[in-house]
Amino acid sequence: LATLNVNGFGRATSGPTSDKWLTINQLVKERRLAVLAVQEAHLTPSRLKTLNELFGDRLAFYASPDPVNPLGAGGVAFVTNKRCLATAGAPTVMCELIPGRAAVLTVPWTATRTLSLLNVYAPNRPGDNAAFWAAVDRELSERHIRPMVCLGDFNFVESPADRMPSRPDPAASVAAFTTLRERLGLTNSWRMAHPDAREYTYCQAASGSQSRLDRVYISRALRHAAADWAIGPAGVVTDHSMASVSLANYQTPEVGRGRWTLPLGLLDDPPFVGTMRSLGMRLQNDLNDLRERTPTHNPQTLFAAFKVKLRNAARERHKTKAAAQDRKI
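Small disclaimer: the values here were computed from a predicted structure and weren't measured. (Residues numbered from 1 in each chain as written. Predicted model: local features only at pLDDT ≥ 70, side-chain atom pairs only at ≥ 80, totals over all residues. Heavy atoms only, no water.)

Undergrad: When you look at the overall build of the chain in this model, what are you seeing that I'm missing?
TA: Within the chain one finds seven helices and 15 strands. The C-alpha radius of gyration computed for the chain amounts to 26 Å, which surpasses the reference 20 Å derived for 329 residues by more than 25%, pointing to a less compact arrangement than a globule. Based on the C-alpha atoms only, the size of the chain along its principal axes is roughly 90 × 45 × 40 Å. Buried positions account for 44% of the 329 residues belonging to the chain. (Helix = DSSP H or I, 4+ residues; strand = E, 2+ residues; numbered from the N terminus. Rg over C-alpha atoms; globule rule 2.2 N^0.38 Å. Buried < 20%, exposed > 50% of the residue type's maximum accessible area, 1.4 Å probe, protein only.)

Undergrad: What is the right way to look at the layout of surface pockets in this model?
TA: Any space left empty among the atoms is revealed by the rolling of a water-sized probe across them. Computed from the structure, the second largest pocket encloses a volume of approximately 450 Å³. Counting residues per element, the ones that place at least two in the lining of the second largest pocket are α3 (126–143), β9 (163–164) and β12 (210–211). Here the residues of the lining of the second largest pocket are counted per class, giving eight nonpolar, eleven polar and six charged. (1 Å grid on protein atoms, 1.4 Å probe; cavity = no way out; pocket = protein on both sides within 12 Å on 5 of 7 lines; lining within 4 Å. Points joined across faces, edges and corners; volume = space filled by probe spheres on them. Nonpolar A, V, L, I, M, F, W, Y, C, P; charged D, E, K, R; others polar.)

Undergrad: How should the nonpolar core be read in this particular structure?
TA: For soluble globular proteins, the rule of thumb is that nonpolar side chains tend to be buried together. Counting 27 residues, the largest nonpolar core has Leu115, Val149 and Leu247 as its most contacted members. Broken down by secondary-structure element, the contributors of at least two residues to this core are β2 (35–39), β4 (76–81), β6 (102–108), β7 (114–121), β8 (149–153), β13 (214–219), β14 (226–232) and β15 (242–247). Leave out the neighbours within four places in its chain, and valine 149 touches Leu1, Leu115, Ser116, Leu117, Leu118, Leu186, Val216, Tyr217, Ile218, Leu222 and Leu247. If you look at the next biggest cluster of nonpolar residues, it comprises 24 residues, including Ile24, Leu36, Leu59 and Val236. (Core = buried A, V, L, I, M, F, W, Y, C linked by side-chain atoms within 4.5 Å. Contact = heavy atoms within 4.5 Å.)

Undergrad: Help me understand the environment of methionine 148, please; the structure alone is not making it clear to me.
TA: Locating methionine 148 in the fold gives a position in the loop between α3 and β8. Taking the C-alpha atoms as reference points, methionine 148 and arginine 11, 137 residues apart in sequence, are found 34 Å from one another. Excluding residues that lie within four positions of it along the chain, methionine 148 makes contacts with Thr114, Leu115, Ser116, Leu186, Tyr217, Ile218, Ser219 and Leu222.

Undergrad: Looking at this model, I keep getting lost on the pattern of salt bridges. Mind explaining?
TA: Oppositely charged side chains may form a pair once their charged atoms are brought near each other. For the structure on display, the rule yields twelve salt bridges. Glutamate 158 is the salt-bridge partner of arginine 181, the closest N and O atoms lying 3.2 Å from each other. One end of the pair, arginine 181, is in helix α4 (residues 171–184); the other, glutamate 158, is in the loop between β8 and β9, and 23 residues separate them in sequence. For arginine 181, a relative accessible area of 16% gives the class buried. Aspartate 269 is paired through a salt bridge with arginine 317; the nearest N and O atoms lie 2.7 Å apart. Pair noted here: aspartate 269 is in the loop between β15 and α6 (270–289) and arginine 317 is in helix α7 (residues 299–328), with a separation of 48 residues, a long-range link. (Salt bridge = Lys/Arg side-chain N within 4 Å of Asp/Glu carboxyl O.)

Undergrad: Please explain helix α2 (residues 45–55) as it appears in this structure.
TA: A turn of α-helix holds 3.6 residues, and therefore any two residues three or four places apart point the same way. Residues of α2 that are buried: Leu48, Leu51 and Phe55. With its buried residues spanning 60° around the axis, α2 presents them on a single face. Away from its buried face, by an angle of more than 90 degrees, α2 presents the exposed residues Pro45, Ser46, Lys49 and Glu53. Looking at the packing, one finds that the buried side of α2 touches α1 (19–30) and β3 (59–64). (Arc of directions from axis to C-beta.)

Undergrad: Got a minute to help me understand the sheet that holds strand β11 (residues 202–203) in this structure?
TA: Pairing between sheet strands relies on hydrogen bonds along the backbone, with the strands arranged either parallel or antiparallel. Ordered by their spatial adjacency, three strands build an open sheet running β9-β12-β11, and the pairing between neighbours is antiparallel. Looking at strand neighbours, the two that pair on one side only are β9 and β11, the edges of this open sheet. Pairing of β11 with β12, which is carried by two bridges, proceeds in the antiparallel orientation. Note on β12: the bridge partner recorded for tyrosine 202 is serine 211. (Pairing = 2+ DSSP bridges.)

Undergrad: In this structure, what is going on with the side chain of histidine 42? I would like to understand it.
TA: Along the chain, histidine 42 falls in the loop between β2 and α2. Polar contacts involving the side chain of histidine 42 include one to the main-chain carbonyl oxygen of leucine 71, which spans 3.4 Å. A polar atom in the side chain of histidine 42 sits 3.4 Å from the backbone nitrogen of alanine 73. The residues touching histidine 42, leaving out its near neighbours within four places in the chain, are Gly8, Phe9, Arg47, Pro70, Leu71, Gly72, Ala73 and Gly74. (Polar contact = N/O pair within 3.5 Å; in protein donor to acceptor, adjacent residues only side chain to side chain.)

Undergrad: What is the right way to look at empty space enclosed by the protein in this model?
TA: Following the criterion strictly, the structure yields one cavity of 30 Å³ or more and no others. Considering only enclosed or pocket space, the largest cavity measures out at about 30 Å³ in volume. Forming the walls of the largest cavity are Trp190, Arg212, Asp214, Arg215, Val216, Trp229, Ile231, Ala243 and Ser244. Take the lining of the largest cavity: its biggest share by element is three residues, from β13. For the lining of the largest cavity, the per-class residue count stands at five nonpolar, one polar and three charged.

Undergrad: Can you help me understand the state of the cysteines in this one?
TA: Here is the idea: a disulfide is a covalent bond, and it sits between the sulfur atoms of two cysteines. One pass over the structure, following the stated rule, counts zero disulfides. No disulfide involves cysteine 150; its sulfur sits 14 Å from the nearest other cysteine sulfur, which is in cysteine 95. (Disulfide = S-S within 2.5 Å.)

Spelled out as structure tokens, the structure:
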């Protein structure tokens, strides 16, 4: 899981989307993120539709845009990696709590379990920030939603240790969030795992001050499953760093290496196409010459032997091509 304030939609490209979302697509794939919570996404319904059409084979996008200025302000979104989430079980559902500011995504974790994540982009002004946490608490209570993870851009810190230079944040914001956090049973697990660390996700350009505004909170029930905490650059053009954590799913079945598949590059390789044609013609002749069916000599055993020969030929040809390419490189 990870959270990142992307600071806007990004620059237009010659393609159907922006440079920033093309990079986000690569980020999710390369780092094998199951869910990325995004703030300041600036995703309108049409932009969201384009992203799902463009990357829908691997990723899914969910968004809650700012109701007043969806193109230029706020907005929270989720990017889910279909190859890292359970394919069976409950469907993925997003519930909008405060448009453009807070939303809950429920994803299938196993065939019988779900994981709910609260994505927040809190207001920057102290008074609005405190009121925001009270509003989120009220919405969650009224809808009977209890997220297991809360992540996003909080725009305040709970401890002076999360700012450089150190200073306390407004008490109203800290108190309002603490009320919400304790009611949900969430823990500041990064700080518990790194009690003396000084790491920050945002640097103010004008003053050079830094703060850990972007955080991930985990429920007490999942604390034992949290590992690989990290804060660092995401490769996306933004003024925030990405905060991430791994959650171990101890009910996940063991996944093997998978079934071997024919390398697609061999389908237009002339030597292998010739081998494939030769083996296929030999199989056809053997089938035509078959007069008596026996348990060890019948169309099924002939076809099975053909597949073994074809697989072995493909592996040998693939090794030869790969070695030639390595020498060329």
